[in-house]
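Residue strings, one per chain:
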Amino acid sequence: MKPSFHHRLVNAPHEDPCLYVRIVREKRSFLFDAGQLDRLGSADLMKISDVFVTHTHIDHFIGFDTLLRALLRRDTPLRVYGPENIIECVAGKLRGYTWNLIEEYPIEIDVFSFTEKEIRHSSFSAATRFKRIDRSIRPFDTIVLKEPPFTIKAINLSHGTPCLGFSLEEDFHINIDKAALNRMGLPVGPWLGDLKRMIRGTAAPDTPLTIDGRIFKFSDLVAIAKTTDGQKVSYITDISPEEENIVKVTDFVNGSDTLYCEAYFLNEDIERALERHHLTAKIAGGIARKANVKNLVVMHFSPKYRSFPGVIEKEAMEKFKQDL
Ligand SMILES: [Zn+2]
Ligand SMILES: [Zn+2]
């Protein structure tokens, strides 16, 4: 199965956690958290359409400036999603600079804040020197963004401050059956993208599709495509090791192909983990195991373990693979 998106951490696990998700065959990427972004080149930054911010502690939001600078001349908007104070935090960042020469620039920033029940939307545009405009308030029920083929969901968690967890799910995956293509004497080409869009949009059976000058009906072509479950990737960081958080997260990340999860402390430092509102490696491993996650990637390690390479991964993986 060819994946529809590729995902990778931007930084090493002792550094700021940031997940970069590149959408295959589109000049578009998603970013989960915006800590230090210096490792992303301008081509990577320019592709970012949507940024999902768990919370605005400095190690998760300092890179917003890097992103803003890279996108000032871009004519497609940047969308930012985050916890209840995200609009104030973006407004505060924008207030930190002088913008008297910016009106000609095209960039617009749409910001969405999520509480347990509400989504608030505000926007900032270079044309008005980033004056805040409040757009709407509507009900929130886990779905942050739904743009076929992707659904991004958020969950409200606690980290001494509200903190969001995110999941990215592909609605379903479409695989092209090359043998069926050959049997029908059809070439590989951009029309396969059109066919996939027709499947996702549930086109009418007699919808025409032209391939190499020949006209086919949608219903004649559907046998070429086989649908399977889509990928699910989850991103959880900076949450208190409390039962309520753990139960909510376990349910939320259930069945993920990959779970990116913080493992800030070793379990021997559980008292410190409780004080600092962070998970331990053992708890991260336990969540992944209970949630039937296929692949666990631990990240966001406390600097105190820098001189003990591998200890955090070992503790997390031992718990994750237990009983297998
Ligand atoms: Zn953090
Ligand atoms: Zn934090």
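Residues numbered from 1 in each chain as written. Chains lettered and ligands numbered in written order. Predicted model: local features only at pLDDT ≥ 70, side-chain atom pairs only at ≥ 80, totals over all residues. Heavy atoms only, no water.

**Observations regarding the coordination of the zinc ion (ligand 1)**
Within the protein, D59 (OD), H60 (NE2), D238 (OD) and H300 (NE2) serve as the donor atoms for the zinc ion (ligand 1), at 2.1 to 2.3 Å. With 4 donor atoms in place around the zinc ion (ligand 1) and angles of 89 to 157° between them, the coordination shape is irregular. Look at where the donors of the zinc ion (ligand 1) fall in the sequence and you get D-H-x177-D-x61-H. For H60, a relative accessible area of 0% translates into the label buried. (Donors = N, O, S within 2.8 Å, 3.2 Å for Na, K, Ca; no water. Tetrahedral: all angles 85-135°; square planar, octahedral: opposite > 155°, others 65-115°. Buried < 20%, exposed > 50% of the residue type's maximum accessible area, 1.4 Å probe, protein only.)

**Here we look at the nonpolar core**
Counting 32 residues, the largest nonpolar core has L31, I48, V80, V90, I109, F124 and F130 as the members making the most contacts within it. Only β4 (48-52), α3 (64-71), β5 (78-82), α4 (86-95) and β6 (108-114) provide two or more residues apiece to this core. Of all the elements, α4 adds the most residues to this core, at 5 residues. Not counting the four nearest positions on each side in its chain, I48 is found in contact with Y20, S29, L31, L40, L67, L71, R74 and L78. Grouped together as the second largest cluster of nonpolar side chains are 30 residues, L279, A281, A284 and I287 included. (Core = buried A, V, L, I, M, F, W, Y, C linked by side-chain atoms within 4.5 Å. Helix = DSSP H or I, 4+ residues; strand = E, 2+ residues; numbered from the N terminus. Contact = heavy atoms within 4.5 Å.)

**A word on unusual backbone geometry**
For residues other than glycine, phi is negative in most cases, and the peptide bonds are mostly trans. Across the junction of P148 and P149, the peptide omega takes the value 10°, indicating a cis bond. With respect to the element layout, P149 can be found in the loop between β9 (143-147) and β10 (150-158). Although it is not a glycine, R129 sits at a positive phi angle of roughly 55°. Tracing the sequence through the fold places R129 in the loop between β7 (118-125) and β8 (132-139). For N292, which is not glycine, the phi torsion reads 55° and is therefore positive.

**Side note on the layout of surface pockets**
To find leftover empty space, one rolls a probe the size of a water molecule over the atoms. Of the volumes computed, that of the largest pocket is approximately 730 Å³. Contributing to the lining of the largest pocket are 24 residues, with S4, R25, G193, K196 and R200 lying nearest its centre. Contributing elements (two or more residues each) for the lining of the largest pocket: β12 (172-176) and α6 (191-200). Tallying contributions element by element places α6 first for the lining of the largest pocket, with 5 residues. Grouping the constituent residues of the lining of the largest pocket by class yields 10 nonpolar, 4 polar and 10 charged. By volume, the second largest pocket amounts to about 230 Å³. E243, I246, V247, T250, K282, I283, G286, I287, R289, K290 and K319 are the residues that line the second largest pocket. Counting residues per element, the ones that place at least two in the lining of the second largest pocket are α8 (243-252) and α10 (281-290). With 6 residues, α10 is the single largest residue contributor to the lining of the second largest pocket. Of the residues belonging to the lining of the second largest pocket, the class tally is 4 nonpolar, 2 polar and 5 charged. (1 Å grid on protein atoms, 1.4 Å probe; cavity = no way out; pocket = protein on both sides within 12 Å on 5 of 7 lines; lining within 4 Å. Points joined across faces, edges and corners; volume = space filled by probe spheres on them. Nonpolar A, V, L, I, M, F, W, Y, C, P; charged D, E, K, R; others polar.)

**Regarding the packing of α10 against helix α11 (residues 311-321)**
The geometry of α10 relative to α11 is characterised by a closest axis approach of 7 Å and an angle of 35° between their N-to-C directions. The element α10 and its partner α11 pack so that their crossing is right-handed. Packed against α10, whose contacting residues are A281, K282, G285, G286, A288 and R289, the element α11 presents I312, E315, A316, K319 and F320 at the interface. Counted by class, the contact of α10 with α11 contains 5 nonpolar, 2 polar and 4 charged residues. (Axes fitted to C-alpha atoms, helices over the stretch in contact; angles between N-to-C directions. Left-handed = near helix turned anticlockwise from the far one by under 90°.)

**Side note on the sheet that holds strand β17 (residues 258-262)**
Spatial ordering of the open sheet is given by β9-β10-β11-β16-β17-β18, a layout of 6 strands whose pairing is mixed. This sheet does not close on itself; its edge strands, each paired only once, are β9 and β18 (295-299). Along the sheet, successive strands turn relative to each other by an average axial angle of 15°, direction set aside. One ladder, built from 9 bridges, connects β10 with strand β11 (residues 162-170); its direction is antiparallel. Across the sheet, the residue bridging to A154 is F166, located in β11. (Pairing = 2+ DSSP bridges.)

Function-wise, these values are silent; they only describe arrangement.
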